[in-house]
Amino acid sequence: MTRMRMAGYAAAGLIAVTGALACAQDAQEKPGFKDTPQLPGGKWLVHDADRPAPTVATPAAAPGGAPSDAIVLAPDAWQAETAPWQVAGGVMTVPARAQGAKESNLVSKQSFGDVQLHLEFRSPNPPKGTSQDRGNSGVWFMQRYEVQVLDGYRNPTYADGTVGAVYGWKPPLVNAARKPGEWQSYDIVFERPRFAADGKLLRPAYVTAFLNGVLVQNHQALLGTTIWRKVASYQAHGDAAPLQLQDHGSPVSFRNIWVRPLPEAAIAQDLPGDAK
């Protein structure tokens, strides 16, 4: 037998052994256990080998960027109620408004319910006005529930109306505002309210918000639809509605807006039985 033929047999044997090892590994049980106690809910064991792995969501290369499963809300994903907003380089700015003219809120073309939202905003510099007349805007979920946008840097105003507040209800835990003219970031988790078929409120809306990376609202329950100078209350509505950026007469700018619709699993552990 020639050396070449012997080498061929050896290589074939090595391939066969390698393949057998791979098949053996594939046949092994998935990592985990099947002899552990059952977790509450009665479906999975502790460290259950059969529990499905999480879906992969690839984070952005740069901080604040949209992950792979996000919906990017570029300027063409919005429509203005009346006057168009100014758009330049992906930045959307509240348009100038003549005295007595109607506001022109920016409304998303797509509707959402439970979401994770990221956006960046910038108040005008040099600042103009004081209190609520300085860099005022707002992020409205389902066009009903407002997290306030305001120039909160050395700008005294009422506590439940400053930047980071659930407007008209809860002040932010801290004032984490940057100087006017600097880009700021919001990262907000919004959980929509749940209603029974007859309109009864089963579970309120909740907001968790980070302003410039600082926690300002921690799973805060909302009182209802945002309203000025009155206590909010709920009116039953559907499971999805547009997002809205407020025109409050100040040229506030927005950019890098994206959302991740949240699965029911993100909310289900806190839902009453008749809301599931």
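Refer to the preceding data block for the structure.
Residues numbered from 1 in each chain as written. Predicted model: local features only at pLDDT ≥ 70, side-chain atom pairs only at ≥ 80, totals over all residues. Heavy atoms only, no water.

Turning next to the sheet that holds strand β5 (residues 106-112). Sheet architecture is open: five strands sit in the order β2-β5-β14-β7-β8, paired in antiparallel fashion. Edge strands, defined here as strands with exactly one partner in the open sheet, are β2 (78-80) and β8 (145-149). For this sheet the average axis-to-axis angle between neighbouring strands, irrespective of direction, equals 25°. Bridge count for strand β7 (residues 137-141) against strand β14 (residues 241-245) is two bridges, and the pairing is antiparallel. When the sheet's bridge partners are listed, Trp140 is paired in β14 with Gln244. (Pairing = 2+ DSSP bridges. Helix = DSSP H or I, 4+ residues; strand = E, 2+ residues; numbered from the N terminus. Axes fitted to C-alpha atoms, helices over the stretch in contact; angles between N-to-C directions.)

We now examine the packing of aromatic side chains. Inspection of every chain in the model, using the stated rule, returns seven aromatic pairs. Geometrically, the ring pair formed by Phe121 and Tyr186 is tilted, given 5.5 Å between the ring centres and 35° between the ring planes. Here Phe121, found in strand β6 (residues 115-122), pairs with Tyr186, found in strand β9 (residues 184-191); they are 65 residues apart in sequence, far enough to count as distant. Note on Phe121: relative accessible area 1%, which makes it buried. Ring pairs connect the aromatic residues Phe141, Tyr145, Phe190, Phe195 and Tyr234, which therefore count as one cluster. In this structure, Arg229 packs its charged tip against the face of Trp228, placed 5.5 Å from the ring centre. Above the ring of Trp183, the side-chain terminus of Arg255 is found at 4.1 Å from the ring centroid. (Phe/Tyr/Trp six-rings, centres within 6.5 Å; stacked < 30°, edge-to-face > 60°. Buried < 20%, exposed > 50% of the residue type's maximum accessible area, 1.4 Å probe, protein only. Lys NZ or Arg CZ within 6 Å of the ring centre and 35° of its normal.)

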